[in-house]
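Residue-level structure breakdown
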Amino acid sequence: MRVAVSSLGTLLDAWVGGPFGTCSQFLVVDTETMEYLTISVPPEQLDSSKVSLPAIRALARQDVQVVITGQIKEICRQTMASLGIEVIDRAEGMTVREAITLYAKGGSEALADYTPAPAKIAVASHGASLDATLSPKGEACTSFILVDPETMAFEVVRVKPAESLAEASVNAVRAAAKSGATVVITPEIRPAC
């Protein structure tokens, strides 16, 4: 089955995108093989009564049976239903891979029952406490303070030392990802990151 997911990136581990029609890309995924392709659609600035035709046309051309998205206008939902495309909305706080896996296992009900993991914020720090300053701009990040914003509990995540600033940046991305961070706060970010 081919399922299209509005996406904030071009990989399966990208977050499910926001409102249908303003999302600039979709991943069209084969639920059996997890092979996918990226469909780019220019975002529209339409009032709420208009149909997002470029996105609907692009997805219809890909012969998708299901669209998973953040929010969707009712008129867009009705238009896709008339084309035989099921629409599942409110799929936020998960990756494209999670959305596809949940849908493949339990359909729209599994997506509706999804509870996202609690947020963890990784702050590029120059110290080991909540009072630490941000890592200075232009310097390698040596650690993150990983914070649960609800409880303010935190832990220090060390970044593996590196020979170059580029390697240090990659190590910082790996450390943040491995820690389970859902948000990263840093004074600057390099394009490779």
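All values derive from a computational prediction rather than experimental measurement.

Rules used in this analysis
Residues numbered from 1 in each chain as written. Predicted model: local features only at pLDDT ≥ 70, side-chain atom pairs only at ≥ 80, totals over all residues. Heavy atoms only, no water. Salt bridge = Lys/Arg side-chain N within 4 Å of Asp/Glu carboxyl O. Buried < 20%, exposed > 50% of the residue type's maximum accessible area, 1.4 Å probe, protein only. Phe/Tyr/Trp six-rings, centres within 6.5 Å; stacked < 30°, edge-to-face > 60°. Helix = DSSP H or I, 4+ residues; strand = E, 2+ residues; numbered from the N terminus. Contact = heavy atoms within 4.5 Å. Pairing = 2+ DSSP bridges. Core = buried A, V, L, I, M, F, W, Y, C linked by side-chain atoms within 4.5 Å. Patch = residues over 30% accessible without salt bridge, like charges linked within 9 Å, V, L, I, M, F, W, Y side chains within 5 Å. Areas by Shrake-Rupley, 256 points an atom, 1.4 Å probe, with all protein chains shown as cover.

Should their charged atoms come close, side chains of opposite charge can pair. Counted according to the given criterion, the structure contains 4 salt bridges. A salt bridge links Asp89 to Arg90, with the nearest nitrogen and oxygen atoms 2.9 Å apart. Arg90 sits in the exposed class, given a relative accessible area of 63%. Salt bridges sharing common partners tie together Glu74, Arg77, Asp89 and Arg90.

Tallied over the full model, the rule gives 1 aromatic pair. Ring geometry for Phe20 and Phe26: centres 5.5 Å apart, planes at 55°, overall tilted.

By the element assignment, Ala104 lies in helix H3 (residues 96-112). You can call Ala104 exposed: its relative accessible area is 52%. Between the alpha carbons of Ala104 and Pro42 there is a distance of 28 Å; along the sequence they are 62 residues apart.

What follows is about the side chain of Ser143. Within the element layout of this structure, Ser143 appears in strand S8 (residues 143-147). Every residue in contact with Ser143, bar those within four places of it in the chain, is listed here: Val123, Ala124, Ser125, Gly127, Ser135, Val156, Val157, Arg158 and Val159.

Moving on, we get to the pairing of strand S6 (residues 121-126). Here S6 runs beside S8; their pairing, made up of 5 bridges, is antiparallel. Directly across from Ala122, in S8, lies its bridge partner Leu146. Examined bridge by bridge, S6 and strand S10 (residues 183-185) share 3 bridges and lie parallel to one another. If you follow Ala122 over to S10, its bridge partner there is Val184.

Now for unusual backbone geometry. In this structure, Asp63 takes a positive phi of about 55° despite not being glycine. In this fold, Asp63 is placed in the loop between helix H1 (53-61) and strand S4 (66-68). Given a relative accessible area of 51%, Asp63 falls into the exposed group. The phi dihedral of Met152 falls on the positive side, at around 65°, and the residue is not glycine. Secondary-structure assignment places Met152 in the loop between S8 and strand S9 (154-158). We classify Met152 as partly exposed; its relative accessible area is 45%.

Moving on: the nonpolar core. Core analysis: the biggest nonpolar cluster contains 17 residues, and Phe20, Leu59, Val64, Val67 and Met80 have the highest contact counts within it. When contributions to this core are tallied by element, the ones reaching two or more residues are strand S2 (25-30), H1 and helix H2 (74-82). Here the element with the most residues in this core is H1; it accounts for 4 residues. Those residues within four positions of Leu59 in sequence are excluded, and the remaining contacts are Ala4, Phe20, Phe26, Val64 and Val67. The next biggest cluster of nonpolar side chains, apart from the first, holds 16 residues, and it includes Val16, Ala99, Ile100 and Tyr103.

The next thing to look at is the pairing of strand S3 (residues 36-40). Pairing of S2 with S3 involves 5 bridges; the strand directions are antiparallel. Note on S3: the bridge partner recorded for Val29 is Tyr36. The turn linking S2 back onto S3 is made up of 5 residues, and Met34 within it adopts a positive phi angle of 65°.

Taken together, Leu130, Met152 and Phe154 make up a surface patch of nonpolar side chains, about 270 Å² in accessible area. Take Leu130: it is sitting in the loop between S6 and strand S7 (133-134). Under the relative-accessibility criterion, Leu130 is labelled partly exposed at 40%.

The values are spatial; any link to function lies outside them.
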